[in-house]
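Residue-level structural notes
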Amino acid sequence: MSGDVSGDVSGEVSGEVSGDGAALAGEPATVLLAEPVYRTDGWLAEWREVPPRPRDSFLLRLFARGELWLRPGGAAEARLASGEPLTGSWRVDGPFPLVPTSWPDGTGTLDGYLSEDAGGWWFDAVYTGPGWVGSAVVARVRQRFTPRGHLRMPGPGAARAPDVASVRVPDVASARAREPRPGAMEPVTSPRPASLEGLRTLLDAASLRGRWRVVAGPAYGTTVTVSSASAFAEHGGGFLRLARGPDVAVGLAPAAPGAGWELVVLARVDAPPPTLSGVGDRIEDGAALRRLGIELLAAGRFGQAAPILDRAAELSAGGEASTSTGRVIDLLGLCDARIRCAFAGSRFAVLPAALVAAADVRREITLGPGAFTPWLDTLRFLRDTAEPLGESLRRIADLAGAGPSSSGLAAAAAECAEAAETVCGVLRSTGSPSDGPETIESSAARVDHALAAGQDAMRETADALAAHGAPEPGSAGELVLLSARGGADALALMRDRLARSAPAAAARFVLDQAREAAGVTAGYVEVWRALLDSHWEKIISTDQALPFYERMVTLLLDLDAPEDALVASEMARARAFGDTLRENRAGPGDPARGLGGAPPVSREGLRDILTRHDAVVVEYFLAGDLLTVWVWPRGGPLTRVTRRVDRAGLEETVKEFGRLARTARHDAASRAAMAAALRRLGEVLWDVVPAGLLPADPDEPVTVVPHLELFHVPFAALRDASGTYLVERHAIRVLPALAMIPDLTAPRPGRPANAPPELVALVNPRPLPEGPQLDWTQERFGEITGMYGEPVRLYTGEKATAATLREVAGTGTVLYFGTHGRAVTEVDDDPMMSYLVLAPSAGHDGYLRALEVPGLGLAADLVILAACETGGGAATADGVIGLSRAFLTSGPTGLITTLYPVGQHAGFYLMADFHESWLLDGLEPVSALRHAQARAASAQRVTAQEPHLWAAFTFFGLGSVTRAAGEAPTAQAREATPR
């Protein structure tokens with residue numbers, strides 16, 4: 001196996017070993033890893049050799065120090081860096097002591113043999129056990145040990161070797177001779193278990209039967225066949241099995257006669273383990289299968305546990321519905337076991353469905369009929385006590401009023417009945433499953449007040465009756481007096497029960513537990529993401545996990561936990577985007593380089609980001625037809641708004657405006673349709689935002705975090721009821737996720753803060769691979785370069801090539817593209833093939849694709865993509881995939897992009913106006929873009945408004961640390977160099 005991780009291992013030997021024993025201290029160790037590859041149906045396909053990745057560094061730490069004791073009598077003990085001792089035994093076969101050890105809790109084993117070398121011993125061993133997040137690890141460890149002190153190493157007679165049993169692993173020649181011809185091998189048949197006990201027996205017996213490939217050790221790459229469950233016991237002296245498992249057999253075998261022992265790893269090949277055939281048809285006890293699956297999972301037999309747990313889930317879903325708390329808890333345990341089993345076997349394909357099932361069960365256990373709700377339980381007890389009391393007092397009042405009793409006695413009885421009815425009325429109108437701790441606290445106070453008032457009324461009535469003397473035994477007066485006193489006592493007990501139940505505190509505890517459990521479940525997706533190596537795999541996993549996060553967000557909102565719901569919203573978006581951003585911006589000595597993972601999102605971390613952020617935040621999340629909007633004004637607090645929307649209608653309106661924006665010529669009907677679409681979007685997306693939370697200063701930025709199709713919305717052009725565009729009231733900047741802010745704002749090595757703007761521009765490449773030449777833009781571009789200080793690097797015509805861009809990408813603080821562009825909008829078509837058009841050059845066709853951008857080494861802090869559709873692409877849960885993603889992850893803090901095609905003249909005039917507001921008037925870039933767009937909007941006649949001409953431009957990112965020029969340079973256009 002290839003790929004080794006080595007580290008210095010040192011340790012002190014404690015204690016003494018005498019007689020036929022030894023104490024050994026370890027030197028540098030080498031660890032080799034093997035990794036299983038599973039088919040799409042979940043069965044093992046093969047084993048592959050992989051170099052250790054950052055997530056495997058725990059093995060280095062585990063073997064950072066090593067001590068090994070071989071004690072007299074055959075006892076062995078090993079101690080690794082974890083400090084926990086491994087215990088086992090040692091026996092000698094010839095000159096080679098065999099040492100199998102295991103952790104006390106049975107979670108892992110370290111088994112091997114010692115071979116003598118000059119001045120020391122080599123320990124060749126295999127580690128099997130849990131690895132990253134419970135996944136199974138098979139690793140070979142080779143470590144040199146040195147005896148400490150004057151201790152005698154064990155000789156051949158120190159302890160006899162056990163009878164080794166298993167299939168003899170042949171040498172290469174004999175193994176190939178015995179390799180069955182294709183089709184000649186007898187099929188391995190499997191009885192169909194008719195009962196759970198039969199299945200359990202079959203699992204135990206068949207775990208060794210089948211066809212195995214030697215993936216490490218003698219006869220590497222050959223295949224052996226175990227034809228029966230007892231075959232390993234039939235062939236003595238060939239293979240000492242050290243580790244059990246459904247898909248791998250690890251042990252020691254003779255390398256050659258008299259040549260000693262070597263480590264052997266056998267991996268099951270060809271057919272899946274035949275032990276579970278027919279389980280779904282013959283066994284219908286879902287609860288028993290669940291327990292068996294969890295037992296197999298705990299024993300590390302993941303391949304066998306997976307189909308059993310899957311079948312248990314099918315039976316649970318198809319069985320009779322039950323609202324009992326016990327059943328729901330069992331379902332939760334089943335979901336957790338399936339998720340852990342998927343991780344252990346790298347069966348990531350089953351994770352999305354398992355996570356959704358876990359979220360549904362979490363909702364049921366938290367808010368369903370079988371949920372633990374102390375407040376409602378307390379109210380139910382109070383109602384069950386108050387209603388009979390009220391009924392009893394009503395009957396007594398009716399009797400007192402109908403009999404010969406005095407009017408005073410009848411009035412007293414009626415007062416008691418009325419007091420009880422008031423209490424019952426308050427209890428009937430109180431309590432809802434959606435009540436939060438604050439609501440419960442006020443409701444509990446109202447209930448306590450009603451109970452106290454009823455108690456006082458009944459006690460006063462009883463005291464008034466007693467003041468007239470003791471009533472005659474058995475009289476109506478005695479009945480009324482006793483009922484008043486009993487009612488007062490009953491209400492006092494009810495108050496005591498209410499106080500002892502502490503419903504608000506109990507609700508807070510339940511809520512905290514539910515939040516914590518939801519966070520743990522959501523954390524599985526973060527673990528899943530961390531285990532994926534491919535950027536595309538991470539993007540796809542984010543999309544696949546979206547149904548799970550939709551459930552988590554709505555659950556947390558129903559639990560009145562808006563901050564936790566916002567955390568779940570952040571975890572559901574731009575995680576692969578964040579990974580790439582963090583990796584690309586890491587400097588050569590940055591610890592983040594090579595780890596490639598954005599930190600997990602937490603409530604504390606997100607609150608810190610919001611507190612430090614310099615703008616109002618408006619974040620959106622779509623879950624079915626539920627739209628959630630979080631608004632964080634500067635300084636807080638967080639406000640959440642939810643509303644039901646016509647999701648299909650919303651998506652169609654976004655697409656409709658996109659189609660209209662791409663129309664070459666407009667008439668009155670198309671202009672009216674654009675205005676109507678922008679008004680509908682404004683009503684749904686912006687009218688719901690409380691106006692009092694938004695800044696009064698129109699130049700104070702508002703950070704908008706869209707979701708899914710909302711990334712295609714031109715927020716600056718949204719209209720209110722009066723027809724006012726949003727850009728006239730607010731400067732809008734768009735971010736894929738709030739969690740990206742720390743990496744976007746982190747200082748970049750070599751980039752000084754507040755550096756003056758230095759322009760690098762590629763304008764009107766010639767010849768263009770597609771699209772008309774932009775000669776007019778080139779002629780007028782001096783109006784823009786004239787607003788910059790020196791130096792200005794302007795490249796036009798045949799100089800505007802990808803080769804030139806690579807040469808100058810590391811210079812300047814502003815990078816400007818004045819050319820054509822196109823977005824690839826479908827994931828299946830690879831949106832990272834979205835491109836900008838440059839002039840062709842040797843070795844390059846002139847299409848600067850998004851996937852090339854990260855390798856340019858950009859120094860610019862602000863990138864202006866003044867071309868068509870540069871902000872377009874495929875909108876996924878991980879954000880827009882296209883040019884905007886490629887550039888933002890490559891260094892800039894802010895981009896100016898376009899959502900739709902833009903005209904040459906309109907686009908240039910808008911960019912010239914932007915530069916004037918930024919460089920000459922000293923506005924922040926996002927505010928300068930607002931001014932330019934607002935002026936463009938106001939310049940259009942009411943009857944001829946075409947907002948797409950200016951609304952396509954979007955500020956993507958945070959801003960720019962590049963400062964505007966302190967003094968306005970001459971307005972006369974400078975001749976930029978080089979050309």
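Note that this is a predicted model, so its numbers are computed, not measured.

Structural notes on the overall build of the chain
- Within the chain, the secondary structure is distributed over 29 helices and 32 strands.
- Counting contacts in the chain only where the partners sit at least 6 residues apart, residues at least 24 apart contribute 69% of the total.
- Only carbon and sulfur atoms are counted for the fraction: they give 53% of the accessible area of the chain, which is about 40700 Å².

Thoughts on helix H9 (residues 351–367)
- With 17 residues, H9 extends 24 Å from end C-alpha to end C-alpha; this agrees with the ideal 24 Å at 1.5 Å per step.
- For H9, every residue scored as buried is listed here: Leu351, Pro352, Ala354, Leu355, Val356, Ala358, Ala359, Val361, Arg362, Ile365 and Thr366.

Notes on the pairing of strand E17 (residues 616–623)
- By the criterion of burial, E17 is predominantly enclosed, with eight of the eight residues buried.
- On E17, burial covers both faces: Val616, Val618, Tyr620 and Leu622 on one face and Val617, Glu619, Phe621 and Ala623 on the other are all buried.
- Direction of pairing for E17 relative to strand E20 (residues 701–705): parallel, over a ladder of four bridges. For Glu619, the partnering residue across the bridge sits in E20 and is Val705.

Focus: helix H19 (residues 603–612)
- By the burial criterion, the buried members of H19 are Leu606, Ile609 and Leu610. Each buried residue of H19 sits inside an arc of 95° when the element is viewed along its axis, so together they form one side. Exposed side chains of H19 directed beyond 90 degrees from the buried face belong to Glu604, Thr611 and Arg612.
- As for H19, its buried residues are in contact with helix H17 (562–571), E17, strand E18 (626–632) and helix H22 (741–745).

Details of the pattern of salt bridges
- The full count for this structure, using the stated rule, is 42 salt bridges.
- Between Arg395 and Glu391 there is a salt bridge, with the nearest N and O atoms lying 3.3 Å from each other. Placement of the pair is Arg395 and Glu391 together in helix H10 (residues 374–402), with a separation of four residues, close to one helical turn.
- Several salt bridges converge on common partners, so that one network encompasses Glu387, Glu391, Arg394, Arg395, Glu421 and Arg428.

Remarks on unusual backbone geometry
- Between Arg766 and Pro767 the backbone carries a cis peptide bond, its omega angle lying at -5°.
- Here Pro767 lies in the loop between strand E22 (759–765) and helix H23 (775–780).
- For the bond from Glu790 to Pro791, the omega torsion is -5°, close enough to zero to count as cis.
- Notably, Leu708 is not glycine yet its phi reads approximately 50°, a positive angle.
- Inspection of the secondary structure puts Leu708 in the loop between E20 and strand E21 (731–734).

Side note on the packing of aromatic side chains
- Counting across every chain of the model gives 14 aromatic pairs.
- Here Trp776 and Phe908 contribute two aromatic rings whose centre-to-centre distance is 5.5 Å and whose plane-to-plane angle is 85°, an arrangement assigned as edge-to-face. Taken as a pair, Trp776 in helix H23 and Phe908 in helix H27 (residues 904–920) lie far apart in primary sequence, 132 residues in all.
- With a centroid separation of 5.8 Å and an interplanar angle of 65°, the aromatic rings of Phe817 and Phe887 are classed as edge-to-face. Of this pair, Phe817 sits in strand E24 (residues 814–818) while Phe887 sits in helix H26 (residues 883–888), and the two are 70 residues apart along the sequence. A single burial state applies to Phe817 and to Phe887, both of which are buried.
- Three or more aromatic residues joined by ring pairs form one cluster here, namely Trp776, Phe908 and Tyr909.
- Just above the ring of Phe381 sits the side chain of Arg497; from NZ or CZ to the centre is 4.1 Å.

Let's talk about the nonpolar core
- Among the nonpolar cores identified, the biggest contains 126 residues, and Tyr620, Leu685, Trp686, Leu815, Phe817 and Phe887 are the most heavily contacted of them.
- The element contributing the most residues to this core is helix H14 (residues 503–531), with nine residues.
- Leaving out residues up to four positions away in the same chain, Leu685 has contacts with Tyr620, Leu627, Leu710, Val713, Phe715 and Leu718.
- Leu660, Trp776, Ala951 and Phe953 belong to the second-largest nonpolar core, a separate cluster that totals 48 residues.

Digging into the environment of Arg459
- Checked against the element boundaries, Arg459 lands in helix H12 (residues 437–467).
- Through-space distance from the C-alpha of Arg459 to that of Arg485 is 6.2 Å; in sequence the pair is 26 residues apart.
- Contacts of Arg459, omitting those with residues within four sequence positions, involve Ala488 and Asp489.

Notes on the side chain of Thr628
- Note that Thr628 resides in strand E18.
- For Thr628, a relative accessible area of 1% gives the class buried.
- With sequence-adjacent residues up to four places away left out, Thr628 is seen in contact with Leu557, Glu619, Tyr620, Phe621, Arg640, Val641 and Thr642.

Side note on the environment of Leu738
- One can find Leu738 in the loop between E21 and H22.
- With relative accessibility at 1%, the residue Leu738 sits in the buried group.
- In this structure, the C-alpha to C-alpha distance between Leu738 and Glu570, residues 168 residues apart in sequence, is 7.0 Å.
- With residues up to four places along the chain from it excluded, the contact list for Leu738 reads Glu570, Leu606, Ile609, Leu610, Val617, Glu619 and Val705.

Re the sheet that holds strand E25 (residues 821–822)
- Spatially, the three strands line up as an open sheet ordered E25-E26-E27, and their pairing is antiparallel. Single-partner strands in this sheet number two, and they are E25 and strand E27 (847–849).
- In this structure, strand E26 (residues 835–837) lies alongside E27, joined through three bridges in antiparallel fashion. Each bridged residue has a counterpart across the sheet, and for Val837 the counterpart in E27 is Tyr847.

Comments concerning the packing of helix H11 (residues 407–428) against H12
- Running from N to C, H11 and H12 cross one another at 170°; their axes reach a closest spacing of 9 Å. On the basis of the axis angle, H11 is roughly antiparallel to H12. From H11, Leu409, Ala412, Glu415, Cys416, Ala419, Ala420, Val423, Val426 and Leu427 reach across to H12, where they touch Arg446, Val447, Ala450, Leu451, Gly454, Ala457, Met458, Thr461 and Leu465.

A closer look at the confidence of the model for the chain
- With 74% of its residues at a pLDDT of 70 or more, the chain has an overall mean of 78.
- Model confidence for the chain, summarised as mean pLDDT per element, is weakest for helix H2 (residues 172–178) at 30 and strongest for E18 at 96.
- Confidence drops under a pLDDT of 50 for residues 150–193, and excluding neighbours within four residues, the segment shows 95 contacts in the predicted structure.
- Overall, residues 588–596 carries pLDDT values under 50, and its contacts beyond four positions in sequence, including any with other chains, amount to 15 contacts.

Re the side chain of Arg885
- You can see Arg885 is positioned in helix H26.
- Engagement of the side chain of Arg885 in a polar contact is seen with the side chain of Asp878, the distance being 2.4 Å.
- Sequence-distant contacts of Arg885, defined by excluding residues within four places in its chain, comprise His535, Ile539, Ala576, Phe577, Asp878, Gly879 and Val880.

Quick look at the packing of H12 against H14
- Relative to each other, H12 and H14 sit at 165°, their axes nearing to 8 Å. The pairing of H12 with H14 is recorded here as roughly antiparallel in orientation. Every pair of crossing elements has a handedness; the one defined by H12 and H14 is right-handed. When H12 is examined against H14, the residues Pro437, Glu438, Ile440, Glu441 and Ala444 are found in contact with a partner set consisting of Pro503, Ala504, Ala507, Arg508 and Leu511.
- Split by residue class, the contact of H12 with H14 holds seven nonpolar, no polar and three charged.

Digging into the environment of Ala23
- Position of Ala23 relative to the elements: it lies in strand E2 (residues 22–38).
- The exposure class assigned to Ala23 is buried, which follows from its relative accessible area of 0%.
- Residues Ala23 and Leu70, 47 residues apart in the sequence, show an inter-C-alpha distance of 6.4 Å.

What counts, and at which threshold
- Residues numbered from 1 in each chain as written.
- Predicted model: local features only at pLDDT ≥ 70, side-chain atom pairs only at ≥ 80, totals over all residues.
- Heavy atoms only, no water.
- Helix = DSSP H or I, 4+ residues; strand = E, 2+ residues; numbered from the N terminus.
- Contact = heavy atoms within 4.5 Å.
- Areas by Shrake-Rupley, 256 points an atom, 1.4 Å probe, with all protein chains shown as cover.
- Expected span 1.5 Å × (residues − 1).
- Buried < 20%, exposed > 50% of the residue type's maximum accessible area, 1.4 Å probe, protein only.
- Pairing = 2+ DSSP bridges.
- Arc of directions from axis to C-beta.
- Salt bridge = Lys/Arg side-chain N within 4 Å of Asp/Glu carboxyl O.
- Phe/Tyr/Trp six-rings, centres within 6.5 Å; stacked < 30°, edge-to-face > 60°.
- Lys NZ or Arg CZ within 6 Å of the ring centre and 35° of its normal.
- Core = buried A, V, L, I, M, F, W, Y, C linked by side-chain atoms within 4.5 Å.
- Axes fitted to C-alpha atoms, helices over the stretch in contact; angles between N-to-C directions.
- Parallel < 35°, antiparallel > 145°, perpendicular 65-115°, else oblique.
- pLDDT = per-residue confidence, 0-100.
- Polar contact = N/O pair within 3.5 Å; in protein donor to acceptor, adjacent residues only side chain to side chain.
- Left-handed = near helix turned anticlockwise from the far one by under 90°.
- Nonpolar A, V, L, I, M, F, W, Y, C, P; charged D, E, K, R; others polar.

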